Amino acid sequence: MSVTAPDGQVLRGQSTLVDFFNLVKLPHTLFALPFALLGVVAASLHATVTPRTVALVVVAFTAARWVAVAFNMIADLEFDRANPRNRGRVLPSGRLTPRQAWGSLWLAAVLFVVAAAAINPLCGQLSLPALLWVVGYSLSKRFTFWPHLWLGASLAIAPVGGYLAIIGHWSDPWWTLAAIALAVATWVAGFDIFHALPDEAFDRAHRLRSAVVRLGVPGALRLARLLHVVTIIALVAFGWGAGFGSWYYAGVAVAALILRLEHRAVRPNDLSRVGRAFFTMNAVMSATVLGFALVDRLW
């Protein structure tokens, strides 16, 4: 079976700053940030959006993701040292120390709470529970075969937070935000299953749990396909509830095509293209939905 190369999508350079960025795989922020901004665009149909609020949303999302990924790298350090695919990461390789990682984590946590509180009182009140939930993902593979769903639910906070940042209360109809949360949760869970495929043998040997360990590669790919079908249905439902028009639905159609190509690129006996499917196509997919939603809003 062909597998992917070690971690890709990292920044080049020898500076400590680059190492910190690679600790949290900063380019991967492109995955879900567009969906946080999609929540902002949807809210703009009902309230005024200011540059200040948009900037705070971006800062809060980036900081929360920094906390989540840094904690994941710290929690998995011993496993990464033993996994040939992950030994090149900045912590196992010694380019950064756990103490440095913890320091950056706490700084990001403070920044997230401050940014959330600066947006509005509701976001401030929800900031600590949100942080606890997102760091919990890093431990979930120790006790559940479905950590991908936990990760998905963690990133599903992004569009909900973007919407609440503008409106300050839950959506009307209520299922509008539920739909976008479901869309992001299933989208992320599906591509995280892709990311777990090359580690099946390692996870089994070290008693770590995932859908791939539970179902095998063919079964995990079927689950990822089902999750992404739900993603598209939920995106359609969100567009209906939010009041988007034809441009938005055109974007959802393009997103469906991208997900289709992603699934065709990865086969049970050939995982060599998992890296491309995991990063490039998913980043394009989320940006596509946001772009068409923005065109729809401006049109």
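Note: the structure precedes this text.
Procedures and definitions
Residues numbered from 1 in each chain as written. Predicted model: local features only at pLDDT ≥ 70, side-chain atom pairs only at ≥ 80, totals over all residues. Heavy atoms only, no water. Helix = DSSP H or I, 4+ residues; strand = E, 2+ residues; numbered from the N terminus. Rg over C-alpha atoms; globule rule 2.2 N^0.38 Å. Buried < 20%, exposed > 50% of the residue type's maximum accessible area, 1.4 Å probe, protein only. Contact = heavy atoms within 4.5 Å. Axes fitted to C-alpha atoms, helices over the stretch in contact; angles between N-to-C directions. Nonpolar A, V, L, I, M, F, W, Y, C, P; charged D, E, K, R; others polar. Salt bridge = Lys/Arg side-chain N within 4 Å of Asp/Glu carboxyl O. Expected span 1.5 Å × (residues − 1). Bend = angle between axes of the 7 residues up to and from the residue. Polar contact = N/O pair within 3.5 Å; in protein donor to acceptor, adjacent residues only side chain to side chain. Patch = residues over 30% accessible without salt bridge, like charges linked within 9 Å, V, L, I, M, F, W, Y side chains within 5 Å. Areas by Shrake-Rupley, 256 points an atom, 1.4 Å probe, with all protein chains shown as cover. Lys, Arg positive; Asp, Glu negative; His and termini not counted. Charge placed at Lys NZ, Arg CZ, Asp CG, Glu CD. Core = buried A, V, L, I, M, F, W, Y, C linked by side-chain atoms within 4.5 Å.

Colleague: Break down the overall build of the chain for me, with residues and values.
Modeller: What the chain contains, in helices and strands, is 13 helices and zero strands. Against the compact-globule benchmark of 19 Å for 299 residues, the chain has a radius of gyration of 19 Å, which places it among compact chains. Considered along the principal axes of its C-alpha atoms, the chain spans approximately 50 × 40 × 35 Å. By residue count, 55% of the 299 residues in the chain fall in the buried class. Of the contacts formed within the chain by residues at least 6 apart in sequence, a portion of 74% connects residues at least 24 apart.

Colleague: So what's going on with the packing of helix 8 (residues 157-167) against helix 9 (residues 175-196)? Residues and values would help.
Modeller: Geometry of a packed helix pair, given as the angle between the helix axes and the separation of the axes. Helix 9 packs onto helix 8 with a crossing angle of 145° between their chain directions and a minimal axis gap of 8 Å. When helix 8 is examined against helix 9, the residues Pro-159, Val-160, Tyr-163 and Leu-164 are found in contact with a partner set consisting of Leu-177, Ile-180, Ala-181 and Val-184. Residues belonging to the contact of helix 8 with helix 9 are distributed by class as follows: eight nonpolar, no polar and no charged.

Colleague: Could you give me a rundown of unusual backbone geometry, with the residues and numbers involved?
Modeller: Leaving glycine aside, a negative phi is the common case for residues, and trans is the common case for peptide bonds. In this model, Asp-172 is joined to Pro-173 through a cis peptide bond whose omega is 5°. Of note, Pro-173 is situated in the loop between helix 8 and helix 9. Of note in this structure, Arg-207 is not a glycine but carries a positive phi near 60°.

Colleague: Before we move on, could you go through the environment of Leu-131 and cite the residues and values that matter?
Modeller: Assignment of secondary structure puts Leu-131 in helix 6 (residues 121-140). We classify Leu-131 as buried; its relative accessible area is 9%. Each C-alpha atom of the pair Leu-131 and Leu-155 lies 11 Å from the other, and the pair is 24 residues apart in sequence. When residues no more than four places from it in sequence are discounted, the contact partners of Leu-131 are Ala-64, Val-67, Ala-109, Phe-112 and Val-113.

Colleague: Now, about the pattern of salt bridges: what can you tell me, with residues and values included?
Modeller: Applying the stated rule across the entire model yields seven salt bridges. With a closest N to O distance of 3.4 Å, Arg-95 and Asp-19 form a salt bridge. Of this pair, Arg-95 sits in the loop between helix 4 (77-82) and helix 5 (98-119) while Asp-19 sits in helix 1 (residues 16-23); the two residues are 76 residues apart in sequence, bridging distant segments of the chain. Here Arg-85 makes a salt bridge to Asp-199, at a shortest N to O gap of 2.8 Å. In this pair, Arg-85 sits in the loop between helix 4 and helix 5 while Asp-199 sits in the loop between helix 9 and helix 10 (200-205), placing the two residues 114 residues apart along the sequence. We note that Arg-85, like Asp-199, is buried.

Colleague: An account of helix 11 (residues 211-242) is requested, with residue identities and associated values reported.
Modeller: With 32 residues, helix 11 extends only 33 Å from end C-alpha to end C-alpha; this falls clearly short of the ideal 46 Å at 1.5 Å per step. Maximal helix bending in helix 11 amounts to about 105°, located at Val-217; proline Pro-218 follows within four positions. Capping the start of helix 11, Ser-210 holds a side-chain oxygen 3.3 Å from the backbone nitrogen of Val-212, two or three residues further along. Just downstream of helix 11 lies Gly-243, where phi reads positive at about 90°.

Colleague: So, a positive patch on the surface: which residues are in play, and what are the values?
Modeller: Residues Arg-222, Arg-225, Arg-260, Arg-264 and Arg-267 make up a contiguous surface patch of positive charge. Counting only elements with at least two residues in the positive patch, the list comes to helix 11 and helix 12 (246-265). Summarising the element assignment, Arg-267 is placed in the loop between helix 12 and helix 13 (274-298). On the basis of relative accessibility, which here comes to 44%, the residue Arg-267 falls in the partly exposed class.

Colleague: Tell me about a nonpolar patch on the surface, residues and numbers included.
Modeller: Judged by side-chain polarity, Trp-146, Leu-149 and Leu-215 come together as a nonpolar surface patch covering roughly 260 Å² of accessible area. With respect to the helices and strands, Leu-149 occurs in helix 7 (residues 147-155). What makes Leu-149 partly exposed here is its relative accessible area of 44%.

Colleague: Go over the nonpolar core, please, and point to the residues and values.
Modeller: Across soluble globular proteins, you tend to see nonpolar side chains buried next to one another. Formed by 98 residues in total, the largest nonpolar core has its most connected members in Leu-23, Leu-38 and Leu-235. If near-sequence neighbours (up to four positions away) are discounted, Leu-38 is found in contact with Ile-180, Phe-238, Phe-244, Tyr-248, Val-289, Leu-290 and Ala-293.

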